[in-house]
Every structure is written in structure tokens, then in C-alpha cells.
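# Summary of the model geometry
Letter by letter, the chains look like this.
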Amino acid sequence: MEKILPDLYRFGLGPIGKKGTFYTYLLVRKQGNILICHCNRGSSVLDHFDEIESLGGIDRQFVAHYHDAKRGDLHQVLYDRFGCKLSYHEAERKPMRGKTKCPEEEFGDGGLKLGSDFEAFYFPGHTAGMRIFRWKQRGKYHLFPS
């Protein structure tokens, strides 16, 4: 778990073949922490549950598209520990259900706004339900694509 900005942490597994390094991000917010998952090839997030708990846990987990979801029980383990449902665009219901049975919250084409600092935008491209995330922290915007 690496602190890269105030209230922003990332988890990675290091380089994976020719594809590079994949990161999962934890956004620490007063309104509830958000985990932006890019876990399809794994994540070291499981090794840091106590640290995450000390930062307020995880309120919700997001994936930018279904390829970012981890097949198996990772999302369920996160839900079991922190109570964080998995959020994604409704167009990806079928492929997401094929990867995880974790409790979910879907959103539509209008995107999703959480508080005054976080938005999930529907941005179809790589997949039919692809989205990007924008987080405002300390007066600056940060974008999280897949």
C-alpha cells in the first residue's frame, strides 16, 4: 500500500508480463472511502486490511469495466470485511455476474454522483458499460480510467 497523495493510496502487484503494472486505488473521503479496482490479475489490497480499516474502511468498490473485476471471491471478501457493495454500469450486469456474486449497486447512463467530490461517468468504449471516475480533492480533479 503506497500513499501517493494526501488521502490517495494505491495497491499493485508489480509488472505483469508485457502489460505493465495494474493498480487499485483507495480514495479516503469524509463521506466514505472508495476503492477503484483494477484487480483482474490480482491485487495486494488483501494484504492491507488493517491499514485500510485504520483509514476508515471501504464504503464502496467500483470497477471501470467488467475486465477490471476479479473472477472469484475478491469482491465478496471486500464486502464481507467492509460492507462495500460493488458498483458498475447496468450494461455490464451479465458479465459482472459471471465474475462475482458480490452484492452490487448498478447505475445507468446518467452516471453516479457521491457527495460533492466523486462522480462516475458513463463513457462507453472498450466495453458497452465502460466508465471513468472523477474525484475532487483539495481543489484539484483526478481522473481514474481503466
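Above: the structure in question.
So, a few notes on the structure that sits alongside this text. Note that this is a predicted model, so its numbers are computed, not measured.

This part covers the pairing of strand E11 (residues 140–144). As paired elements, strand E10 (residues 131–137) and E11 share five bridges and run antiparallel to each other. Bridged to Trp 135 within E11 is His 142. Adjacent in sequence and paired antiparallel, E10 and E11 are bridged by two residues, among which Arg 138 carries a positive phi angle near 55°.

This part is about helix H2 (residues 74–82). Of the residues making up H2, those classed as buried are Leu 74, His 75, Leu 78 and Phe 82. Down the axis of H2, the buried side of the element spans an arc of 100°, and every buried residue falls inside it. Buried residues in H2 make contact with strand E4 (34–37), helix H1 (49–54), strand E5 (60–63) and strand E6 (85–89). Backbone geometry just downstream of H2 places Gly 83 in the positive-phi region, at approximately 75°.

Strand order in the open sheet formed by four strands is E8-E9-E10-E11, with antiparallel pairing between adjacent strands. Strands with a single pairing partner mark the edges of an open sheet, and in this sheet they are strand E8 (112–114) and E11. If you compare each strand with its neighbour and ignore which way they point, the axes differ by 15° on average.

Attention now moves to the packing of aromatic side chains. Enumeration according to the criterion identifies seven aromatic pairs in this entry. With centroids separated by 5.2 Å and ring planes inclined at 85°, the aromatic side chains of Phe 49 and Phe 82 adopt a geometry described as edge-to-face. Separated by 33 residues along the polypeptide, Phe 49 in helix H1 and Phe 82 in helix H2 bring together distant segments of the chain. The pair Phe 49 / Phe 82 is uniform in exposure class, with both members buried. Judged by centre distance (5.9 Å) and plane angle (15°), the ring pair of Phe 118 and Phe 133 falls under stacked. Here the residue Phe 118 occupies a position in strand E9 (residues 118–122), and Phe 133 occupies one in strand E10, the gap between them amounting to 15 residues. Both residues of the pair, Phe 118 and Phe 133, count as buried. Through successive ring pairs, a cluster of aromatic residues spans Phe 62, Phe 107, Phe 118 and Phe 133. If you follow Arg 10 out to its NZ or CZ, it ends over the ring of Tyr 23, 4.2 Å from the centre.

Let's shift gears to unusual backbone geometry. The phi angle at Asp 7 is positive, at roughly 70°, despite the residue not being glycine. A relative accessible area of 29% means that Asp 7 is categorised as partly exposed. For Arg 138, which is not glycine, the phi torsion reads 55° and is therefore positive. Within the fold, Arg 138 resides in the loop between E10 and E11. Look at Arg 138 and you get exposed, because its relative accessible area is 65%.

Procedures and definitions
- Residues numbered from 1 in each chain as written.
- Predicted model: local features only at pLDDT ≥ 70, side-chain atom pairs only at ≥ 80, totals over all residues.
- Heavy atoms only, no water.
- Pairing = 2+ DSSP bridges.
- Helix = DSSP H or I, 4+ residues; strand = E, 2+ residues; numbered from the N terminus.
- Buried < 20%, exposed > 50% of the residue type's maximum accessible area, 1.4 Å probe, protein only.
- Arc of directions from axis to C-beta.
- Contact = heavy atoms within 4.5 Å.
- Axes fitted to C-alpha atoms, helices over the stretch in contact; angles between N-to-C directions.
- Phe/Tyr/Trp six-rings, centres within 6.5 Å; stacked < 30°, edge-to-face > 60°.
- Lys NZ or Arg CZ within 6 Å of the ring centre and 35° of its normal.

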